[in-house]
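Here is how the chains run, residue by residue.
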Amino acid sequence: MSEPIPVTRAVGHGTAKLMPDVDRERAWLLTVDGAPQSYVDLDEPTYLEFEYARRLGHALDIVAEQGVPVDALHLGGGALTLPRYLAATRPGSRQHVVELDRGLLELVAEELPLPAGAGVTLHAADARAWLEAAPDDSADVLVADVFGGSRVPAHLTSVGYVREAARVLRPGGVYLANLADAAPFAFLRSQLATLGTRFAELALIAEPGVLRGRRFGNAVLAGADRPLDIAGLSRATAADAFPARVEHGAALRDFIGGAQPVRDEDAVPSPVPPAGTFGIG
C-alpha cells in the first residue's frame, strides 16, 4: 500500500499544506503559511490533537445531554475538526461552517472528505457578514475559531459582533471562542467584557501557565444566558494530558477587572504572537 504524501496548494490566503501523521494511518495536519490550523484523524474523528481543540470539545460535550443532536454554527473552517467531532458525538446534528477562504474549503473537501450523512454544510463567506444575514434563534451552539494568519480579525471582537452572535443563538444557546493572548491580557479581558454585554454566564478555559503569564497561548471562552456545567467542564479539562483550569464567577470577574467592552470603531485584531509561537518547520 502506498504511503500518504503531503499535499501543498496555494489557497486564497496563503499556502496550505496537508501533512500525514506517521503515527496514525489516516491522520493529517493542516498548516497555512507554516502555522498549524487543524489536525484530523479520518478514522477517529473524536481524537483531538490540539489542546485548544480538546477544550472546545469538552465545552461542546456540555451544551446538551450526551448524544443529543444540536444545530451548530462554526465560524472558521480549517480542516473541519470540530464539525467532524460533533457529527460523531452527536449524530443527526445540523451544522453550518463559514470559512472565508474558498480555496481552503475546496482543498479540505477534496483531500479530507466528510463522511456521508455528516450533516455539515460549507459556506465560503466572511464570518461576520454571514452571521449578520443568519436568521434569529437558529443555532444551539456557535463556535468561533477565526484567525487571519495568526490573529483574530478586528471585526470579530466587538459588541456589534457579539450582539449578532447572541441574536442567532436560541435561548439557552452557548457561544464558544478560541482566542490567544499573553499577560497582561488586555485583549482577553476586553473580550470577556464584550461577551458580558450579552451573556450572563461566562467561563474561561486555559492552561495554568498561560494564566500565570508565563507564555503566550490559547484561551477558550464560553458565554451563555444560562448556568453552564462548570463542574463537569472542570473535571474534563483537568484530566487532559496538559490540564487546563476553568475560571468563572467571582474569580473571572476579578480577572476582567476594569476592562471595557470593545466598540466597533475601537476594535483591533488580537495580539501578534511572539515569533515561533505557532509555526512549525
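Here, every reference points to the structure presented above.
Each chain carries its own residue numbering, running from 1 in the direction its sequence is written. Reporting in this predicted model follows two pLDDT cut-offs: at least 70 for local features of residues, and 80 or more for side-chain atom pairs to be given and counted; totals over whole chains, interfaces and linings ignore these cut-offs and use all residues. Side-chain figures throughout are based on the complete set of non-hydrogen atoms in the structure, without hydrogens or water.

Student: Quick question: what am I supposed to make of the sheet that holds strand S11 (residues 217-224) here?
Tutor: What links the strands of a sheet is backbone hydrogen bonding, and the strands pair in either a parallel or an antiparallel sense. By the convention used here, strands pair only if DSSP detects at least 2 bridges between them. Numbering of helices and strands runs from the N terminus; a helix is a DSSP stretch of H or I covering at least four residues, while a strand is a stretch of E covering at least two. The 8 strands are arranged S7-S6-S5-S8-S9-S11-S10-S12 in an open sheet whose pairing can be described as mixed. Each end of this open sheet is capped by a strand with a single partner; those strands are strand S7 (120-124) and strand S12 (245-248). Each strand axis lies, on average, 15° off the axis of its neighbour in the sheet, ignoring direction. Contacts between helix H2 (residues 81-89) and the sheet are confined to strand S5 (71-75), strand S6 (94-99), S7 and strand S8 (139-144), with S6 contributing the most and set at about 180° to the helix. Contacting S6 and S7, helix H3 (residues 102-111) crosses the sheet at an angle of about 150° to S7. Interaxial angle, 0 to 180 degrees, is taken between N-to-C directions of lines fitted to C-alpha atoms, where a helix line uses only the stretch in contact. Contact criterion: two residues are considered in contact whenever any of their non-hydrogen atoms come within 4.5 Å of each other.

Student: Could you clarify how one ought to interpret the nonpolar core in this entry?
Tutor: Among soluble globular proteins, nonpolar side chains are generally buried collectively. Counting residues in each nonpolar core, the largest one holds 37 residues, and the members touching the most others are Leu 75, Leu 142, Tyr 161, Tyr 175, Leu 188 and Leu 204. The leading source of residues in this core is helix H6 (residues 186-195), at 5 residues. Not counting residues up to four positions away in its chain, the partners in contact with Tyr 161 are Leu 75, Arg 128, Leu 131, Leu 142, Ala 144, His 155, Leu 156 and Tyr 175. By nonpolar core is meant a set of buried Ala, Val, Leu, Ile, Met, Phe, Trp, Tyr and Cys residues that side-chain atoms within 4.5 Å join together. Each residue's exposure class comes from its accessible area (1.4 Å probe, protein chains only) as a fraction of the maximum for that residue type: buried when under 20%, exposed when over 50%, partly exposed otherwise. Membership of the second largest hydrophobic core comes to 31 residues, among which are Phe 50, Ala 59, Val 141 and Leu 228.

Student: What am I meant to see in the pairing of S5 here?
Tutor: The side chains of a regular strand alternate, first on one face of the sheet and then on the other. Buried residues dominate S5, accounting for 5 of its 5 residues. Alternating positions in S5 separate into two faces, Asp 71, Leu 73 and Leu 75 on one and Ala 72 and His 74 on the other, with burial throughout. One ladder, built from 5 bridges, connects S5 with S6; its direction is parallel. Bridging from a neighbouring strand, Leu 75 pairs with Val 98 of S6. In this view, the connection linking S5 to its parallel neighbour S6 by way of H2 has right-handed handedness. Look down the strands so they point away from you; if going from the first strand over the helix to the second traces a clockwise path, that crossover is right-handed.

Student: I'm lost on the packing of helix H1 (residues 51-61) against helix H8 (residues 230-238) in this one. Help?
Tutor: When two helices pack together, their arrangement is given by the angle between their axes and by how far apart the axes lie. The contact between H1 and H8 brings their axes to 10 Å, and the two run at 150°. Classified by the angle their axes make, H1 and H8 are roughly antiparallel. The hand of the H1/H8 crossing is right-handed. Along the contact surface, H1 presents Arg 55, His 58 and Ala 59, while H8 presents Leu 233, Ala 236 and Thr 237. Its residues placed into classes, the contact of H1 with H8 shows 3 nonpolar, 2 polar and 1 charged. For this classification, under 35 degrees means roughly parallel, over 145 means roughly antiparallel, 65 to 115 means roughly perpendicular, and everything else is oblique. Each crossing gets its hand from how the near helix is turned against the far one by less than a right angle, where anticlockwise is left-handed and clockwise is right-handed. Throughout, the ten residues Ala, Val, Leu, Ile, Met, Phe, Trp, Tyr, Cys and Pro are labelled nonpolar, Asp, Glu, Lys and Arg are labelled charged, and all others, Gly among them, are labelled polar.

Student: In this structure, what is going on with the environment of Pro 243? I would like to understand it.
Tutor: Secondary-structure assignment places Pro 243 in the loop between H8 and S12. On the accessibility criterion, Pro 243 (38% relative accessible area) is partly exposed. The contact partners of Pro 243, leaving out residues within four places of it in the chain, are Arg 55, Glu 207, Pro 208, Thr 237 and Ala 238.

Student: Teacher, can you tell me more about H6 here?
Tutor: An α-helical turn contains 3.6 residues, so any two residues separated by three or four positions project in the same direction. With 8 of its 10 residues buried, H6 lies for the most part within the structure. Those residues of H6 that are buried are in contact with helix H5 (159-168), strand S9 (169-181), strand S10 (201-206), S11 and helix H9 (249-256).

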